[in-house]
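Summary of structural features
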Amino acid sequence: MPLNCGIVGLPNVGKSTIFNALTSAKAQAANYPFCTIDPNTGTVTVPDERLDKITKLVVPNRTVPTTMEFIDIAGLVEGASKGEGLGNQFLGHIRATDAICHVVRCFDDAEVVHVAGGVNPLHDMDIINTELLLADLDTVEKRAQRVEKLAKNTQDAKIKTEAAAVAKLKTTLEAGRPARTADLTDDERVAARELFLITMKPQLYVANVDEAALTGGNAYTEAVEKRAAEEGAQVVKICGALESEIAQLEPAERKEFLESVGLEEPGLNRLIHSAYRLLDLITYFTSGVQEVRAWTIRRGTKAPGAAGVIHSDFERGFIKADCYSCDDLFKYGSEQAVKEKGLLRSEGKEYMVKDGDILFFKFNV
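Remember, predicted model here, so these are calculated numbers, not experimental data. (Residues numbered from 1 in each chain as written. Predicted model: local features only at pLDDT ≥ 70, side-chain atom pairs only at ≥ 80, totals over all residues. Heavy atoms only, no water.)

1. Focus: the overall build of the protein
Looking only at helices and strands, the protein features 14 helices and 12 strands. For the protein, the proportion of its 365 residues judged to be buried stands at 46%. Considering only contacts in the protein between residues 6 or more positions apart, those separated by 24 or more positions represent 70%. Summed over all atoms, the accessible surface of the protein reaches about 18000 Å², with 49% contributed by carbon and sulfur. (Helix = DSSP H or I, 4+ residues; strand = E, 2+ residues; numbered from the N terminus. Buried < 20%, exposed > 50% of the residue type's maximum accessible area, 1.4 Å probe, protein only. Contact = heavy atoms within 4.5 Å. Areas by Shrake-Rupley, 256 points an atom, 1.4 Å probe, with all protein chains shown as cover.)

Here you go:
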């Protein structure tokens with residue numbers, strides 16, 4: 001199952017427009033609040049030039065890229081944490097995602113109504129972040145009432161760890177800071193996962209701009225970038241309207257169109273890569289005449305865990321992994337040449353897979 005990002009924001013900031021272009025799906029995009037009620041889900045391929053290069057050298061029967069899932073979640077409004085709009089339902093959808101792409105409107109257009117009456121990205125960011133934080137605070141306060149009593153009457157280390165985590169999270173959220181900034185120990189962080197807190201998830205800001213601001217930015221994007229820097233968050237500038245045009249073109253036409261507007265690649269590629277980095281993901285490859293394939297794992301995954309992404313039997317019966325870097329393949333032109341240079345090696349259970357590794361697993365069950 002691919003890891004996923006929930007696309008959130010106020011109504012009419014361009015979430016569904018960006019989602020449609022991103023996934024070439026057909027989510028309803030209308031100029032009024034709540035046009036998206038059920039979350040739209042789209043699986044997208046992660047652009048990777050390395051996969052194309054491996055394919056040209058190996059010439060397999062088929063090539064399979066790695067993927068990410070994006071979920072377009074309906075526009076939140078002020079008071080969503082208390083059920084305003086369709087808030088509770090939407091917040092539930094966000095809890096099920098791995099990360100958040102927070103779309104902020106950074107363009108003026110009299111034809112597109114703004115739910116708050118005027119374009120003010122910092123105000124919009126504050127509304128969304130506050131609603132997510134209040135929803136988490138409600139969750140933590142309810143858990144605190146239960147776990148504090150249990151912790152006083154037990155020596156169970158797990159319960160005491162949970163109580164400590166909940167206390168720290170409550171203090172952090174009451175101070176107006178997201179749960180991900182709480183100073184938790186490793187054990188407390190494990191306990192906190194069971195709360196499914198929204199503000200524990202990594203967040204990426206997507207500044208939806210007009211074409212004129214795509215390269216140089218504008219006053220709105222400058223404000224968003226400053227706030228994001230204070231939070232230690234990333235910002236990606238995208239022109240949703242332009243990306244919609246690009247998405248409708250045939251692949252052969254896209255390059256020419258991008259060059260005509262001064263871009264090297266679609267902004268959506270940058271969004272996908274930023275989301276990939278946000279989740280701290282890397283890619284490894286398997287390569288053979290039958291298939292060349294990219295696989296997604298979290299950074300720091302050891303070889304058996306990487307094998308388990310292919311099939312649980314590979315992890316359970318892991319023996320070793322033959323391994324070399326795709327950069328060595330590109331340099332020497334074939335796996336045989338890599339072997340002759342002594343660059344293909346066997347790695348055991350403690351090997352931490354690196355981005356760009358080409359692996360062949362040996363297992364026995």
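And the narrative resumes.
2. Here's the deal with the packing of helix α4 (residues 121-152) against helix α7 (residues 219-231)
For the pair α4 and α7, the least separation of the axes is 9 Å and the interaxial angle reads 40°. Considering the angle they form, α4 stands oblique to α7. Note on element contacts: α7 touches α4 through Tyr220, Ala223, Val224, Arg227 and Glu231, opposite Pro121, Leu122, Met125, Asp126 and Asn129. Among the residues forming the contact of α4 with α7, the class breakdown is six nonpolar, one polar and three charged. (Axes fitted to C-alpha atoms, helices over the stretch in contact; angles between N-to-C directions. Parallel < 35°, antiparallel > 145°, perpendicular 65-115°, else oblique. Nonpolar A, V, L, I, M, F, W, Y, C, P; charged D, E, K, R; others polar.)

3. So, the environment of proline 304
The residue proline 304 is located in helix α11 (residues 303-310) in this model. When the C-alpha atoms of proline 304 and phenylalanine 318 are compared, they prove to be 5.9 Å apart, with 14 residues separating the residues in sequence. When near neighbours in sequence (up to four residues on either side) are disregarded, proline 304 contacts Glu315, Phe318 and Lys349.

4. Re the sheet that holds strand β1 (residues 4-8)
One open sheet accounts for six strands, arranged β2-β4-β1-β5-β6-β7; its pairing is mixed. Single-partner strands in this sheet number two, and they are β2 (40-45) and β7 (234-238). Across the sheet, the axes of successive neighbouring strands diverge by a mean angle of 25°, strand direction being ignored. The strands that α4 touches are β1, β5 (99-105) and β6 (203-208); relative to β5, the one it contacts most, it runs at about 150°. (Pairing = 2+ DSSP bridges.)

5. Let's talk about helix α1 (residues 15-23)
In terms of burial, α1 is a largely internal element, eight of the nine residues being buried. Lys15, Ser16, Ile18, Phe19, Asn20, Ala21, Leu22 and Thr23 are the residues of α1 that are buried. Note on α1: the residue one or two positions beyond its end, serine 24, has a positive phi of about 55°.

6. Looking at the pattern of salt bridges
Considering all chains together, one arrives at 17 salt bridges under this definition. As a salt-bridge pair, lysine 170 and glutamate 174 come within 2.9 Å of each other at their nearest N and O atoms. You can see lysine 170 and its partner glutamate 174 sitting in helix α5 (residues 157-174), four residues apart, about one turn around the helix. Given the relative accessible area of 47%, glutamate 174 is considered partly exposed. The partner of lysine 302 in a salt bridge is glutamate 350, and the shortest N-O contact between them spans 2.5 Å. Remark: glutamate 350 occurs in the loop between β11 (345-347) and β12 (357-363) and lysine 302 occurs in the loop between β9 (291-298) and α11; sequence separation between them is 48 residues. Judged by its relative accessible area of 35%, lysine 302 is partly exposed. Linked by salt bridges that have partners in common, Asp48, Arg50 and Asp355 make up one network. (Salt bridge = Lys/Arg side-chain N within 4 Å of Asp/Glu carboxyl O.)

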